[in-house]
Amino acid sequence: DQIARAIGDYDTALRLDSTLADVFNARGELWRKKGNRPRALADFGAAIKLNPEHPTARGNYKALAQEVERIGAMLAVNNKPSFNCAAARRAVEKAICANPELANLDREINAVNTRVVREAGKDSPRAGRAMQQQQDDFIARRNAAFGRPDYDLQKEMRQRLDHLLAIERQ
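Attention here is on the structure that accompanies the text. All figures in this text were calculated on a predicted structure; none of them were measured in a lab. (Residues numbered from 1 in each chain as written. Predicted model: local features only at pLDDT ≥ 70, side-chain atom pairs only at ≥ 80, totals over all residues. Heavy atoms only, no water.)

### Some details on the packing of helix 7 (residues 125–145) against helix 8 (residues 153–169)
Where helix 7 meets helix 8, the axes come as close as 11 Å, and the angle between the chain directions of the two elements is 170°. Put simply, helix 7 runs roughly antiparallel to helix 8. Packed against helix 7, whose contacting residues are Met-131, Gln-134, Gln-135, Phe-138 and Arg-142, the element helix 8 presents Leu-153, Glu-156, Met-157, Arg-160, His-163, Leu-164 and Ile-167 at the interface. (Axes fitted to C-alpha atoms, helices over the stretch in contact; angles between N-to-C directions. Helix = DSSP H or I, 4+ residues; strand = E, 2+ residues; numbered from the N terminus. Parallel < 35°, antiparallel > 145°, perpendicular 65-115°, else oblique. Contact = heavy atoms within 4.5 Å.)

As structure tokens, this is what we get:
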């Protein structure tokens, strides 16, 4: 549990012999545990450069590179809805674009709905179309009800997401 000390020991070993692929890989694993992804990737890459057939280093590099890519993709869409805000015309769309929580909800609803429609469509194209029609109906109701004093957009969106997640779990 002394990660910093272990990294220091590996630094010393690599100063003495910089051709030890296993040491680069082990230090990379420690950098990853510590949360320093760039240094971990660099060490995994160095291990692979020294030994292109190093299976553990290759696996570590691939897994971490995918993790970094996933994080980057999530940050790129964070607080953005499933639609282009520049093209938003309806008041409800503008409200979703203006509120990061609503934007994230919208994106989640869209993602889960896409998976549910795809899964339903595998069994039957008719079932897939029926699931998409439910989403279209939700959007139409949302658009019509938005702006009324008794309408809670966030509550309705959460309920829709919960409904879709329940369908997805079945």
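### A look at the nonpolar core
Membership of the largest hydrophobic core comes to 17 residues, with the highest contact counts inside it found for Ile-96, Leu-102, Leu-153 and Met-157. Contributing elements (two or more residues each) for this core: helix 5 (91–98), helix 6 (100–123), helix 7 and helix 8. Tallying contributions element by element places helix 6 first for this core, with 7 residues. Ignoring anything within four residues of it in the chain, the contact list for Ile-96 reads Pro-81, Phe-83, Leu-102, Ala-103, Asp-106, Arg-142, Leu-153 and Met-157. (Core = buried A, V, L, I, M, F, W, Y, C linked by side-chain atoms within 4.5 Å. Buried < 20%, exposed > 50% of the residue type's maximum accessible area, 1.4 Å probe, protein only.)

### Regarding the state of the cysteines
Across all of its chains, the model carries 1 disulfide by this definition. Across the disulfide from Cys-85 sits Cys-97; the S-S distance is 2.0 Å. A torsion of -100° about the S-S bond marks the disulfide between Cys-85 and Cys-97 as left-handed. In this pair, Cys-85 sits in the loop between helix 4 (55–77) and helix 5 while Cys-97 sits in helix 5, placing the two residues 12 residues apart along the sequence. Residue Cys-85 is classed as partly exposed on the basis of its relative accessible area, which comes to 33%. (Disulfide = S-S within 2.5 Å.)

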